[in-house]
Every structure is written in structure tokens, then in C-alpha cells.
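Architecture and fold: a report
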Amino acid sequence: METNKRNIVLDVNEVPKPGQWITLSLQHLFAMFGATVLVPFLVGLSPAVALVSSGLATLAYLLVTRGQIPAYLGSSFAFISPIAAAKTLGGPESAMLGCFAAGLIYGIVALIIKKAGMRWLMNLLPPIVVGPVIMVIGLSLAGTAVGMAMYENPGAPAAELVYSSKHLTVAMITLIATIVFNMFGKGFVGVIPILLGIIVGYISACVAGIVDFSGIAAAKWFKAPDFMIPFATYTPQFSWEVIFIMAPVALVTLSEHIGHQMVLSNVVGRDFLKKPGLHRSITGDGVGIIIGSFIGGPPITSYGENIGVLAITRAFSVFVIGGAAVLAVVFGFIGKISALLHSVPQAVMGGISILLFGIIASSGLRMLIDHKIDFENKRNLIIASVILVLGIGGAFVKLSDQVSLSGMALSAIIGVILNLILPGRTKQMDSADSLSK
């Protein structure tokens, strides 16, 4: 791969000057901030812990990849629904077991890729499987987004929900602001529409009188986040059901990881799939997820927002990314910031989520279009149809009295099986092979 060296402000291993370092690192922090704190907000985890988790995961990623890939890791939206499901089985501690299992899946896949290459993974998870599963991820969360936007008490039993035009207005203002920043924002503004949308939504919520400032006033400036550490703050309980809920999602997010590595390679002008190698970048992601599971953070993934910052600034230095990671950890220990995040009304997050969850679903559709999936082919039509209905419909299979397989995990596994057994797979394999070259 080639890039115009004259346009590079900082190459991958260049150390920036102090002032430049802080400025560029803050840009990356702001780029990932909105999405990284939104995920824990939606699943009932600590946003402060998520900030610390993303920072530590990014630093670990830089170490594992030998400082050769300038990627920032933030909270993954793909795990929102599985975390929520895992929490119903045993609380947030149970979800952390599932996160740990997802990290192990990454490690196992990385080992296989190191020995056998990545063609097998592309054959196992072609676009006709991954695209519909991504659509399930977004569409299955649609009710959550709308509920947060419409009701004073989202999450309450259906008979007790209280409709609020005030909350819906705040959500719509947030949604419109985010759309405007996303569509018309230039330069760095166009990279942080989520953060800017939350700010506008928060201001409108203040005007509407639905923000509780008491927690901010009472919070200390320095406060350790509410970490969940196994065998220290809780005793882990093993559950096959939680693992079956969380682990299959890792296979889907691996496809996202490969896509991000390809985009990042094009932006920077280096083939990261070959050096330091896809196995190293996947291992780095897996280590980051495991670190998060040890302190109560959600699973992480490389962020497209930060790739956008790299493309705009042309500053590819891993030291800048590392600086952003350190700042994220520091922000996680500032009590006032944590309290501010907790004060954001759910109506604001509902407005953001309407757009974000729709974008997730649309990205699955885009994958099918980009790879020219032919729906005149009955094979493709059957695979996509079964995945969508099983996933969105909430189907489940009880494997025992304690273990069941449901929702997105079930639809992903059924999709993989259908892809393997239905006739006409040769052409699909050839198409997947071309992606891995």
C-alpha cells in the first residue's frame, strides 16, 4: 500500500511535541467519548469504568501490536443486547463472565489465524451471514431506543409506563441535532456528532427541567470508579447459558474488526493485516475485552470515529493514541465527570439511540449491497430471512433447565449452519476468498 508521505503530519512511531500531543490526544478522546459512555449507560454499567476500561484496553492493544497499529478501542454496541440478557440471569457480574468468554474466543481465533490464515473465517462468516446478524443487532434494540425517548420511566412493566411529551421532545431535539452535525459538520465536527448531539440534548433537557443536578453537586472531584473485580468485590458464578449468549457475538464482531483493519490500512498506507498481522490485532482486541471483564467494563472494539480523526489530522502516531488512552483513564477517576454522565436523562440517550441503532441495522444492509449479494438466489434469501426472523423475533432453544440459546446468538449459529449445509456454497466461498487476499 502507498500513501503520500508529504501529507503525513506524524508517522506511526513518531513522538509528537508536548502541545501537539495533548491537542491531538484530546481530539481522539472526544471522538470516542460519546459512544463509549453510551453503551454502559444503556446496559446499566458504570460509564466511568467504561472509560478506564477503554483506556487500559487501548494501551494493552498498542503493546500487543508492538506499537504498529494506531487504533483506539471503545465500547462495542454489538454486545448491548447480550449484556442485558446476561444481566437478567445473574446481574452485571454474570455479564462479566460472558465478556471474559468473548475475549477468549478472540484469542482462540487469533491462534488459528496465525497457523492457518484467515480464509477459513471468511468462509465461515460470509456477508450473507454477517450482514443479517448485524441487522438483528440494531433492530432488536429498536424498542429500547423508542422506550427511552417516549417514557418517563423506561424499563418499567408495560402497564406502568408513563408517556411524556416533554421527554419525547428532548429526544427529538437530540436526534435532530445529531443528524445535523453528522450531515453538515465539517472536519473534526463531523467526527463527533454523537458527543455534540448529547451536549445539545443535555442543554434542552436542562431547559425542560428533567435533569437532576444533586449528584453532581455532591460528587467529589476525585473518586475511584465502581469497579467489579472478581474474587474481590464478587465471587464469579460459572454459567453455560451466559457463555452461549455472549460468545457467538464475538464471531460477528470479528468480521467488524477485519473491516476496520482494512480501512485503517488504507488510511495510514500500511498493510496491517500482514504486519504486525491480523492475529496480533485480534489478540489485542481480545486482551482488551478480558481486561474490561476484570474491572466491570463492556467489551471493546476498534472505533471508526477514531479512524476518521486519523484521516482528518494525518497524525498516525501511536503515541497520540496512547495519550488519549491515558486521558480516558484519568477522566474515569474524576468524580464530577462520572456524576455528570449519570445525570444525562434517558430521553437524551433515547434520541441518540434511535439514530445509532438504525445505523447499525443499516450497516448490515450496506454489507449485503457492497458485496452484491443476489437475492434472486434462493439460498441467500433463505439464510437472510431465517436469521432476521429468529433474531428479531426473540426465538430461543432450551438446551437444559439451566441453559438456553436465544436471540442474536441463536440466529447467528443457525445462519452459519445454513451457510454450510445449503447447496450452492462454492460461489460463496470464492467470494469470501477474494476478501481475504
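Residues numbered from 1 in each chain as written. Predicted model: local features only at pLDDT ≥ 70, side-chain atom pairs only at ≥ 80, totals over all residues. Heavy atoms only, no water.

Helix and strand content of the protein chain: 18 helices and four strands. Taking 2.2 N^0.38 as the reference for a compact globule, 437 residues should give roughly 22 Å; the C-alpha atoms of the protein chain span a radius of gyration of 21 Å, in line with that estimate. Judged by the C-alpha coordinates and their principal axes, the protein chain covers about 60 × 60 × 50 Å. Side-chain charges in the protein chain split into 26 positive and 19 negative, and the spacing between the mean points of these groups amounts to 9 Å. (Helix = DSSP H or I, 4+ residues; strand = E, 2+ residues; numbered from the N terminus. Rg over C-alpha atoms; globule rule 2.2 N^0.38 Å. Lys, Arg positive; Asp, Glu negative; His and termini not counted. Charge placed at Lys NZ, Arg CZ, Asp CG, Glu CD.)

Turning next to the environment of Ile128. Here Ile128 lies in helix H5 (residues 127-139). Residue classification places Ile128 among the buried positions, given a relative accessible area of 0%. C-alpha separation for the pair Ile128 and Ile173, spaced 45 residues apart in sequence, amounts to 36 Å. (Buried < 20%, exposed > 50% of the residue type's maximum accessible area, 1.4 Å probe, protein only.)

Note that His279 resides in helix H11 (residues 273-295). C-alpha separation for the pair His279 and Thr174, spaced 105 residues apart in sequence, amounts to 40 Å.

On to helix H7 (residues 165-184), then. Along an α-helix, residues three or four positions apart point the same way, because every turn accommodates 3.6 residues. When the terminal C-alpha atoms of H7 are compared, their 28 Å separation across 20 residues agrees well with the 28 Å that a helix rising 1.5 Å per residue should span. On its buried face, H7 is in contact with helix H6 (142-150), helix H8 (193-208) and helix H15 (346-370). (Expected span 1.5 Å × (residues − 1). Contact = heavy atoms within 4.5 Å.)

This part takes up the packing of helix H1 (residues 18-43) against H8. One way to put it is that H1 packs onto H8 with a least axis distance of 7 Å and a crossing angle of 65°. Along this stretch, H1 crosses H8, giving a crossing that reads as left-handed. Each of Phe30, Phe33, Gly34 and Ala35 in H1 lies in contact with H8, whose residues at this interface are Ile194, Leu195 and Ile198. Residue classes in the contact of H1 with H8 are distributed as six nonpolar, one polar and no charged. (Axes fitted to C-alpha atoms, helices over the stretch in contact; angles between N-to-C directions. Left-handed = near helix turned anticlockwise from the far one by under 90°. Nonpolar A, V, L, I, M, F, W, Y, C, P; charged D, E, K, R; others polar.)

In this chain, Lys275 is followed by Pro276 through a cis amide linkage whose omega measures 10°. Mapped onto the elements, Pro276 comes out in helix H11. Positive phi, normally seen in glycine, also occurs at Phe231, with a value near 70°. If you trace the backbone, Phe231 turns up in the loop between helix H9 (214-218) and helix H10 (240-268). One non-glycine residue, Arg314, lies in the positive phi region at around 60°. Inspection of the secondary structure assignment puts Arg314 in the loop between helix H12 (304-313) and helix H13 (318-332).

Attention shifts here to H12. Within H12, the full set of buried residues consists of Asn306, Ile307, Val309, Leu310 and Thr313. Buried residues of H12, viewed axially, fall in a sector of 155°; they line one side. Turning to H12, the residues buried within the fold contact H1 and H10. Where H12 terminates, the next one or two residues include Arg314, which has phi positive at roughly 60°. (Arc of directions from axis to C-beta.)

On average, residues of the protein chain score 89 in pLDDT, and 96% of them reach the 70 mark or higher. Within the protein chain, helix H18 (residues 425-436) has the poorest average pLDDT of any element, 49, and helix H2 (residues 47-64) the best, 96. Every residue in residues 428-437 is under pLDDT 50, and counting partners more than four places away or in other chains gives 17 contacts. (pLDDT = per-residue confidence, 0-100.)

Mapped onto the secondary structure, Ser25 falls in helix H1. Not counting residues up to four positions away in its chain, the partners in contact with Ser25 are Phe319, Val320, Gly323, Ala324 and Leu327.

Taken as a whole and assessed by the stated rule, the structure comprises three salt bridges. Measuring nitrogen to oxygen at the nearest pair gives 3.2 Å for the salt bridge that ties Asp11 to Arg270. Of this pair, Asp11 sits in the segment before H1 while Arg270 sits in the loop between H10 and H11, and the two are 259 residues apart along the sequence. One salt bridge connects Lys223 with Asp226, and the closest N-O pair in it is separated by 3.5 Å. (Salt bridge = Lys/Arg side-chain N within 4 Å of Asp/Glu carboxyl O.)

Per the stated rule, a full pass over the model turns up seven aromatic pairs. With a centroid separation of 5.7 Å and an interplanar angle of 35°, the aromatic rings of Phe100 and Phe294 are classed as tilted. Taken as a pair, Phe100 in helix H3 (residues 80-116) and Phe294 in helix H11 lie far apart in primary sequence, 194 residues in all. Taken together, the ring pairs in this structure connect Phe222, Phe227 and Phe333 into an aromatic cluster. A cation sits over an aromatic face here: Lys336 above Trp221, 5.8 Å from the ring centre. (Phe/Tyr/Trp six-rings, centres within 6.5 Å; stacked < 30°, edge-to-face > 60°. Lys NZ or Arg CZ within 6 Å of the ring centre and 35° of its normal.)

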